[in-house]
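# Structural overview for review
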Amino acid sequence: MKLLKIVPDNTNIDFVRLRGWAFGLTLALSILAIGLVGLRGLNFGVDFVGGLMIEQRFATAPSQDRVRSVVDAQGAGEGQLQQFGDARTLTIRLPAQAGTDEGATNAVVRKVTGALSREFPGSTFSRYSTVTGKVSGELIRNGLIAVLLAVLGIGLFAIVRFEWQFGVSTVVAIVHDLIMTLGFFALTRFEVDLNIVAAFLTIIGYSINDKIVIDDRIRENMRRYRKMDMRELINLSVNETLPRTVMTSVTILLALLALLLLGGHVLRGFTAAMFLGIVVGTYSSIYVSSSLLITLGLRADPERERTVRLGKDGGAGEAERVAPRA
Amino acid sequence: MLDFPRWKVAWIWGVLLLLSALGAVSLVPERYTAGWPVQPSRINLGLDLAGGSYLLLEADTDGLAAARLETMRDQVAAEMRRGTPRIGIGDISTRGGQLTFLLRDPSQVDAARERLLTVTGGGAGMSGQREWDITVVDTSRFVLKPTAAGLAQAVDTAMGDATEVVRRRIDALGTREPTIVRQGTNRIVVQVPGFQNPQALKDLLGKTARLEFKLVDETANPADLAQGRAPVGSQVLPYPGNPSGVPFIAVKRPVIISGDQLADARQGYEQQTNAPNVVINFNSAGGQRFARVTQANVNKPFAIIVDNSVISAPNINEPILGGSASINGGFTVEGANQLAIALRSGKLSIDLKVIEESTVGPDLGRDSINKGITASAVAVLLVVAFMFLTYGRFGAYANLAVVINVAVIVGVLAAMKGTLTLPGIAGFVLTIGTAVDANVLINERIREERRRGRSVVQAAELGYKEASRTIFEANVTHAISGLIMFVLGSGPVKGFAVVLLIGIATSVFTAVTFTRMLVAQWIRRTKPKTMNI
């Protein structure tokens, strides 16, 4: 049986030489993403800003203008409509009701769903949630703490297991991934809710995973080819791990694609974030974190260099070996 | 590396098959397992999949502190008035979170302090800590300040009661398996699966339990009683714990005293027999009223009624003058404690507010779970096909590992009686993706070693050895983010993290140890000279 090979054997792409371009592109995209977040803002869900969300399912696709006028007529503030999944499902977002009186919020939910089922026979509510400002503040805080801790924890792990340059380059790459994902949310106006925090943490986990594999290969090659130039060594390591990087990304993207297309609308934002995160994470593993190692001045372990020079290291012979493609 | 003794093979298969079997059994629908001697533990469906309501209630602790101060004021006023000599006080105030009053006769300072100590429980309350600081300023002004420990204790007690009230109320709705847990110091999480009327739920939780004392009508005819008929001026009430066995009792309509005149109720012990009982305290007005009524009705029973259901009907043995009474009647400590809680919760001493709520309709839940299962199945199929096309025999091994891994995760989740949420399904799908990463790493490494000219055995050995280190590191980082989600996350995030963490643990075992065994057995069986990878 002829087996499938997405990446041909023995690729020799000069990723390090491309890094100037890659940094430029990365910087431009990052600025664009930050700009988008700054200008358009993020579409926070009720989890994070408080307020109430009602998802209503209609018998037939309704006219959004009519729904909006029905909702606005209830005197509970301006409703924001968003189509979710198919054309028959709409979510209605309303601002948090004045005061802390829960009765007011309940009344609004009842009024709106009541009015909608009167005006649009056969429509039913699928779900609703209300969150007060106090809880939403806590949720934002916990979400931020979780993301920060994850970045820090994993950065520390990379520093302990590898050199400090690996830690720094990994953290930079992750921040890049997060900025890109945020930019994506600003662009698409997908709702940022509690689930998205989980998506962010998963993206972080995956992205690190990807970088650790390459870092691990760089470390291995640093021991194997002690005299090789660092640019060449990083190129070699990235090329050697390229089939794995691409294979894994493609597999996970296949799984996510199934979830994105078939998993229902509730998870759509979550899966979309994940999908983009995997793509961005793969890009940053190859172009951002590995190339950054050179900029940060990673060098072969000085301790080992000295032993090699003194000729005391039993493995010196291996160090002399020439790389297969060098 | 490729050496697998028979016991090891048996052990690996044993663990995997056992866990997979747990997973398979937990999916058998309940109607088929009804006759089984042992019910399999199952995975609970989260509210987003089962439909239902989630409420986060927060208690009003400021309100509690204020109410506590008011009660103390009533008690102090009553105590000063009651004893001999009567101690005159005035200018009583509860402003600024403390109780102050002025003594009319400064020479009574010591006597007043003595009486205050009996009201505030002396130096030690239930927790052994002082609950009130008593100071005297300007020789005749008393200041009672609640201590932080005392207030915390009061909040804790009130929250315990409130949780109990909430549970009793939701149980009364007859809903299936509600979850009611305290969260932090002043919150209660309520999850009611499948309940479609959150409004009724909230109405119920917002209501304060009604406690009433009424005299029992002993003239009622038992035959009439059984038919729900009571004499004129009386009513028939359910009495589930009636010692006579009849679950009804007739009581006279007038309310002797109601829950808002009750100050406290706790479990105690009867002095002579040391049998557990329940001690109740009325506030001053209630105490006076109770004294009058009991004086006139010695040797008659009265009914203690919560929400129109009689909890007990003790006999009035003697007039009760001190504003406090004990309810005796063959209690166990638990029974007495439960009644005390019921009495206390009759007066829901802390206001509960809904601060977060979400309700998922049953259609959306069903829709979500169907779509989630379809998506997972398609994801598995896509990944399996892709792996097989890329790695052939080795892909097939990896696929077997992935399928077993899915069954094992289900098994572990069921054994833990875990909850599956929609993000949990996403975690499943993602685990399928990352689980094959280990095999991708191994197989790519084997390919690489083959290209370098190593023999089949060497390449396989090196592939597993070198890749294992990378796999370990990659999974540790993944687990770090999973743990953070588990610890800090709430609701959906936690559900996702649980599946992810289980998946990380099981996938390392299936993807590395299990496939290595399969590869080793293949090599030993066929002694291949080449490998198609």
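What you see is a predicted model; the values in this text were computed from it and never measured.

### Some points on the overall build of chain A
- Looking only at helices and strands, chain A has 11 helices and six strands in total.
- Out of the 326 residues belonging to chain A, those deemed buried represent 47%.
- For chain A, restricting intrachain contacts to residue pairs at least 6 apart in sequence, the fraction spanning at least 24 positions comes to 78%.

### What to know about the overall build of chain B
- Counting its secondary structure elements, chain B contains 15 helices and 19 strands.
- Split into buried and exposed, the 533 residues of chain B put 43% on the buried side.
- Contacts in chain B between residues at least 24 apart in sequence constitute 68% of all its contacts with a sequence separation of at least 6.

### Brief notes about helix α8 (residues 230–262) of chain A
Residues and elements named next belong to chain A.
- With 33 residues, α8 ought to run about 48 Å at 1.5 Å a step, and its terminal C-alpha atoms sit 46 Å apart, in line with that.
- The axis of α8 is deflected most strongly, by about 45 degrees, at Thr241, and proline Pro243 appears within four residues downstream.
- Count one or two residues on from α8 and you reach Gly264, which has phi positive near 90 degrees.

### A look at the nonpolar core
- Of all hydrophobic cores here, the largest spans 175 residues; its most connected members are Leu201 and Ala255 of chain A together with Val429 of chain B.
- Of all the elements, helix α7 (residues 194–224) of chain A adds the most residues to this core, at 16 residues.
- Sequence-distant contacts of Leu201 of chain A, that is, excluding residues within four places in its chain, are made with Ala146, Val147 and Ala150 of chain A together with Ser481, Ile484 and Met485 of chain B.
- Counting residues in each nonpolar core, the second largest holds 28 residues, with Val216, Ala230, Ala265 and Ala336 of chain B among its members.

### Section: the domain arrangement of chain B
- The domain boundaries assigned to chain B delineate domain 1 (6–49 + 361–526), domain 2 (61–146) and domain 3 (208–353).
- Each of domain 1 of chain B and domain 3 of chain B has a C-alpha centre, and the two are 59 Å apart.

### What about the pairing of strand β13 (residues 262–269) of chain B?
Residue and element names in this part refer to chain B.
- Looking at chain direction, β13 and strand β14 (residues 276–282) are connected through seven bridges and run antiparallel. Looking across to β14, one finds that Leu262 is bridged to Phe282.
- Between β13 and the antiparallel strand that follows it, β14, lie six residues; Asn274 among them carries a positive phi value of about 65 degrees.

### Observations regarding the interface of chain B and chain A
- At the interface, 64 residues of chain B touch 59 residues of chain A.
- Secondary-structure elements contributing two or more residues to the side of chain B that touches chain A are α7 (198–206), β18 (352–360), α11 (362–391), α13 (422–451), α14 (456–488) and α15 (492–526) of chain B.
- It is α11 of chain B that contributes the most residues to the side of chain B that touches chain A, 16 residues altogether.
- Of the residues in the side of chain B that touches chain A, the class split is 31 nonpolar, 20 polar and 13 charged.
- Pairing geometry for strand β5 (residues 124–131) of chain A and β18 of chain B, over five bridges, is antiparallel. When the bridges of β18 of chain B are listed, Val131 of chain A appears paired with Glu356 of chain B.

### Quick notes on the sheet that holds β14 of chain B
Residues and elements named next belong to chain B.
- Ordered by their spatial adjacency, three strands build an open sheet running β13-β14-β17, and the pairing between neighbours is antiparallel. Both outer strands of the open sheet, β13 and β17 (324–327), are each paired with one neighbouring strand and no more. Averaged over all neighbouring strand pairs, the angle between strand axes comes to 20 degrees, with direction disregarded.

### Some points on the sheet that holds β5 of chain A
- The eight strands are arranged β3(A)-β4(A)-β2(A)-β5(A)-β18(B)-β2(B)-β8(B)-β7(B) in an open sheet whose pairing can be described as antiparallel. The open sheet has two free edges, formed respectively by β3 (80–83) of chain A together with β7 (179–183) of chain B, since each of these has just one partner strand. Taken over all neighbouring pairs, the strand axes of this sheet differ in orientation by 20 degrees on average, direction set aside.
- Inspection of the sheet shows strand β2 (residues 51–57) of chain A paired to β5 of chain A by seven bridges, in the antiparallel sense. Note on β5 of chain A: the bridge partner recorded for Gly51 of chain A is Val131 of chain A.
- Across the sheet, helix α5 (residues 133–161) of chain A lies against β5 of chain A together with β2 (52–59) and β18 of chain B, angled at about 70 degrees from β18 of chain B, the strand it touches most.

### Section: α14 of chain B
- For α14 of chain B, spanning 33 residues, the distance from its first C-alpha to its last is 47 Å, which sits close to the expected 48 Å at 1.5 Å a residue.
- Where α14 of chain B bends most, the angle comes to about 30 degrees, and this point is Ser468 of chain B.

### Things to note about the packing of α8 of chain A against helix α9 (residues 268–295) of chain A
Residue and element names in this part refer to chain A.
- Packing of α8 against α9 brings their axes to within 10 Å, and their N-to-C directions diverge by 180 degrees. For the element pair α8 / α9, the angle class is roughly antiparallel. Note on element contacts: α9 touches α8 through Arg268, Thr271, Ala272, Met274, Phe275, Ile278, Thr282, Ser285, Ile286, Ser290, Leu293 and Ile294, opposite Met230, Arg231, Ile234, Val238, Thr245, Ser249, Ile252, Leu253, Leu256, Leu259 and Leu260.
- A class-by-class count of the residues in the contact of α8 with α9 yields 15 nonpolar, six polar and two charged.

### Digging into the confidence of the model for chain B
All names here are of chain B.
- With 90% of its residues at a pLDDT of 70 or more, chain B shows a mean pLDDT of 82.
- When mean pLDDT is compared element by element in chain B, helix α12 (residues 393–415) scores highest at 91, while helix α10 (residues 333–346) scores lowest at 65.
- Reported confidences for the modelled complex are a pTM of 0.72 and an ipTM of 0.79.

### A short note on the pairing of strand β3 (residues 89–93) of chain B
Residue and element names in this part refer to chain B.
- As paired elements, β3 and strand β4 (residues 99–103) share three bridges and run antiparallel to each other. If you follow Ser93 over to β4, its bridge partner there is Thr100.
- The hairpin formed by β3 and β4 contains five residues between the paired strands, and Gly96 there has a positive phi angle of roughly 70 degrees.

### Thoughts on unusual backbone geometry
Residue and element names in this part refer to chain B.
- Of note in this structure, Asp91 is not a glycine but carries a positive phi near 50 degrees.
- Mapped onto the elements, Asp91 comes out in strand β3.
- One non-glycine residue with positive phi stands out, namely Thr139, at about 60 degrees.
- Positionally, Thr139 belongs in the loop between β5 (132–137) and β6 (141–146).
- Classification of Thr139 by C-beta neighbours within 10 Å gives exposed; the count is 9.

### Structural notes on the packing of helix α1 (residues 6–26) of chain B against α15 of chain B
All names here are of chain B.
- Packing of α1 against α15 leaves a shortest axis separation of 11 Å and a crossing angle of 130 degrees. Judged on the interaxial angle alone, α15 and α1 are oblique. When you trace α1 past α15, the crossing you get is left-handed. The residues of α15 that touch α1, namely those facing Val9, Ile12 and Leu16, are Thr513, Phe514 and Met517.

### Remarks on the environment of Arg219 of chain A
- With respect to the helices and strands, the residue Arg219 of chain A is situated in helix α7.
- On a C-alpha basis, the gap between Arg219 of chain A and Ser237 of chain A in space is 9.0 Å, while along the polypeptide they are 18 residues apart.

### Looking at the environment of Leu103 of chain B
Residues and elements named next belong to chain B.
- Mapping Leu103 onto the fold places it in strand β4.
- The buried category is assigned to Leu103, around which 22 C-beta atoms lie within 10 Å.
- Sequence-wise, Leu103 and Gly287 are 184 residues apart; in three dimensions their C-alpha atoms are separated by 24 Å.

Conventions adopted
Residues numbered from 1 in each chain as written. Chains lettered and ligands numbered in written order. Predicted model: local features only at pLDDT ≥ 70, side-chain atom pairs only at ≥ 80, totals over all residues. Helix = DSSP H or I, 4+ residues; strand = E, 2+ residues; numbered from the N terminus. Buried ≥ 20, exposed ≤ 12 C-beta atoms within 10 Å, placed from the backbone. Contact = placed C-beta atoms within 7 Å. Expected span 1.5 Å × (residues − 1). Bend = angle between axes of the 7 residues up to and from the residue. Core = buried A, V, L, I, M, F, W, Y, C linked by C-beta atoms within 7 Å. Domains from an automatic or database assignment. Pairing = 2+ DSSP bridges. Nonpolar A, V, L, I, M, F, W, Y, C, P; charged D, E, K, R; others polar. Axes fitted to C-alpha atoms, helices over the stretch in contact; angles between N-to-C directions. Parallel < 35°, antiparallel > 145°, perpendicular 65-115°, else oblique. pLDDT = per-residue confidence, 0-100. Left-handed = near helix turned anticlockwise from the far one by under 90°.

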